[in-house]
Amino acid sequence: MASRLIDEDPALAHAHALAASRSAGRVAIVRETVAITAYAIGDFALALRELRTHRRISGSDEQLPLIVDSERGVGRPDRALEEGRSVDRSTLPAAVRAQLAIAMSGARLDVGEPERALQELEIPEADPDRAFEWSPALFAARAAVLEELGREDEAAEWFRRAEIAADALDAAAGVADREVIVVEEIDLIDDEGGVEVASGVVPVEDTTTESSVAAHADTVEEAAEADDTEGEHPARDSDEGQDESR
C-alpha cells in the first residue's frame, strides 16, 4: 500500500509504512520503505535514521543518494558530501551512480561551488544520445547547474534533452517486451520558416544488456514505410501460396 500510494498521497503511504514497521521493524525493506516515505513528506531527520538502519541491516549502499539528499534536507551539505565520498562509486549500479551524482551536485550548489557541481555530473551515465531511467533527472540537473553558471544556451539545450528522454521513456513503457527504442529527431519547418525539433519513437529488438534509447538520423517517415513493407510481406506470400494450390 505504501508503494501504491506514495505518488498520490505520501502522508498516507507513510502511515502504512509506519504500521508495517510496528510489525516487522527488523526487516530491511520495511525500514527502507519508512525512510522513503519519510523523505517524501519532508521528514529528513527520520529518513536519515531509517536509511542508516536499513543500511546496517542490509549491508547495501543503494540508498546512498537518498542519504546524501537527506543530509542536505537537514541543512548539512558538508556532511552530505562526506557521505557521498565514503563509497567507491564504481561498486554501485549505474542508476545509483547517476542519482548520487545528482545529489552530490546539489550539495556542491548548497556550499556555493557551481563549477564543482557541474563536475559531479560529468559521468559516463550522462550520455546525451542515450536515454535510461535516470537520464531525464540527470540532464535536468545539468541544465540547472548551467543556469546557475549563467550559461543559458547550454542550459536550454540540456532541458530540451531531458524532455526528449522523458518522452521516449514514456513511450517505451507502453511497448510490451521491447526494452530498446529508437529516438528519431527530425527538423520540421513551419509555414513561417521556423525550425522545430520533433522526435519519433520506433520499437526495435533488444540488443543490449540495459534498456536504452539510441538517437539517430533516420526520419520517422522512413521507419513508418519500413513497418508498412514488413506488414505486407505475409499477406503477399499467402496469396502466392493460394495461387499455387489452385
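Look up a bit, the structure's there.
Residues numbered from 1 in each chain as written. Predicted model: local features only at pLDDT ≥ 70, side-chain atom pairs only at ≥ 80, totals over all residues. Heavy atoms only, no water.

Colleague: Just checking my understanding: could you explain the overall build of the protein chain for this structure?
Modeller: The secondary structure content of the protein chain amounts to 11 helices and three strands. Secondary structure of the protein chain in N-to-C order comes out as α-α-α-α-α-α-α-α-α-α-β-β-β-α. Classification of the 246 residues of the protein chain by burial places 35% in the buried group. Residue pairs in contact within the protein chain that sit at least 24 positions apart in sequence constitute 52% of those at least 6 positions apart. Carbon together with sulfur atoms contributes 47% to the accessible area of the protein chain, which is approximately 14,100 Å² in total. (Helix = DSSP H or I, 4+ residues; strand = E, 2+ residues; numbered from the N terminus. Buried < 20%, exposed > 50% of the residue type's maximum accessible area, 1.4 Å probe, protein only. Contact = heavy atoms within 4.5 Å. Areas by Shrake-Rupley, 256 points an atom, 1.4 Å probe, with all protein chains shown as cover.)

Colleague: How do you make sense of the packing of helix α4 (residues 44-58) against helix α5 (residues 64-73) when you look at a structure like this?
Modeller: Angle between the axes and distance between the axes: these two values describe a pair of packed helices. Running from N to C, α4 and α5 point in directions that differ by 150 degrees, and their axes come no closer than 9 Å. By the angle class used here, α4 and α5 are roughly antiparallel. Considering only the axes of α4 and α5, their crossing is left-handed. Along its contact with α4, which presents Phe44, Ala47, Leu48, Leu51, Arg52 and Arg55, the element α5 presents Leu64, Leu66, Ile67, Ser70, Glu71 and Gly73. Taken together, the residues that form the contact of α4 with α5 break down as seven nonpolar, two polar and three charged. (Axes fitted to C-alpha atoms, helices over the stretch in contact; angles between N-to-C directions. Parallel < 35°, antiparallel > 145°, perpendicular 65-115°, else oblique. Left-handed = near helix turned anticlockwise from the far one by under 90°. Nonpolar A, V, L, I, M, F, W, Y, C, P; charged D, E, K, R; others polar.)

Colleague: I'm lost on the nonpolar core in this one. Help?
Modeller: One recurring pattern in soluble globular proteins is that nonpolar side chains are buried together. Leu121, Ile123, Trp134, Leu138 and Phe139 are the most contacted members of the largest nonpolar core, which has 22 residues in total. Elements supplying a minimum of two residues to this core: α7 (94-110), α8 (114-120), α9 (135-148) and α10 (152-173). Among the elements that take part in this core, α9 stands out by supplying six residues, more than any other. Leu48, Val87, Ala103 and Ala107 belong to the second largest nonpolar core, which has 16 residues in total. (Core = buried A, V, L, I, M, F, W, Y, C linked by side-chain atoms within 4.5 Å.)

Colleague: I would appreciate a short explanation of the environment of Pro93 in the present structure.
Modeller: Mapped onto the secondary structure, Pro93 falls in the loop between α6 (77-85) and α7. Looking at Pro93, the relative accessible area reads 34%, which means it is partly exposed. Sequence-wise, Pro93 and Glu62 are 31 residues apart; in three dimensions their C-alpha atoms are separated by 7.8 Å.

Colleague: I would appreciate a short explanation of the packing of aromatic side chains in the present structure.
Modeller: The relative placement of two aromatic rings is captured by the distance of their centres and the angle of their planes. Inspection of the entire model under this criterion finds three aromatic pairs. Judged by centre distance (4.8 Å) and plane angle (5 degrees), the ring pair of Phe132 and Trp134 falls under stacked. In terms of burial, Phe132 and Trp134 fall into one category: buried. Geometrically, the ring pair formed by Phe139 and Trp158 is edge-to-face, given 5.2 Å between the ring centres and 70 degrees between the ring planes. One end of the pair, Phe139, is in helix α9; the other, Trp158, is in helix α10, and 19 residues separate them in sequence. (Phe/Tyr/Trp six-rings, centres within 6.5 Å; stacked < 30°, edge-to-face > 60°.)

Colleague: Teacher, can you tell me more about the pattern of salt bridges here?
Modeller: Scanning the model with the defined rule gives 19 salt bridges in all. In this structure, a network of salt bridges that share partners links the residues Arg52, Arg55, Asp61, Glu71, Arg76, Arg79 and Glu83. (Salt bridge = Lys/Arg side-chain N within 4 Å of Asp/Glu carboxyl O.)

Colleague: Would you take a moment to explain helix α2 (residues 10-23) for this structure?
Modeller: Given 3.6 residues per turn, any residue in an α-helix points the same way as the ones three and four places further on. For α2, with 14 residues, the first-to-last C-alpha span of 20 Å sits near the 20 Å given by 1.5 Å per residue. Ala13, His14 and Ala17 are the residues of α2 that are buried. When α2 is viewed along its axis, its buried side chains cluster within an angular range of 100 degrees and face the same direction. Opposite the buried face of α2, at more than 90 degrees from it, the exposed residues are Arg22 and Ser23. Those residues of α2 that are buried are in contact with α1 (2-5), α3 (28-40) and α4. (Expected span 1.5 Å × (residues − 1). Arc of directions from axis to C-beta.)

Colleague: Help me understand the environment of Gln63, please; the structure alone is not making it clear to me.
Modeller: Locating Gln63 in the fold gives a position in the loop between α4 and α5. Taking the C-alpha atoms as reference, Gln63 lies 9.2 Å from Arg52; in sequence the two are 11 residues apart. Beyond its immediate stretch of four places on either side in the chain, Gln63 contacts Glu32, Ile36, Leu51 and His54. At 2.8 Å, the side chain of Gln63 and the side chain of Glu32 are in polar contact. (Polar contact = N/O pair within 3.5 Å; in protein donor to acceptor, adjacent residues only side chain to side chain.)

Colleague: Help me understand α6, please; the structure alone is not making it clear to me.
Modeller: Within α6, the full set of buried residues consists of Pro77, Ala80, Leu81, Glu83 and Gly84. Buried residues of α6 fall within an arc of 160 degrees about the axis and therefore sit on the same side. In the core, the buried residues of α6 are packed alongside α4, α5 and α7.

Colleague: Can you walk me through a negative patch on the surface in this structure?
Modeller: Residues Glu147, Glu148, Glu152 and Asp153 make up a contiguous surface patch of negative charge. Counting only elements with at least two residues in the negative patch, the list comes to α9 and α10. Tracing the backbone shows Glu152 in helix α10. We classify Glu152 as partly exposed; its relative accessible area is 46%. (Patch = residues over 30% accessible without salt bridge, like charges linked within 9 Å, V, L, I, M, F, W, Y side chains within 5 Å. Lys, Arg positive; Asp, Glu negative; His and termini not counted. Charge placed at Lys NZ, Arg CZ, Asp CG, Glu CD.)

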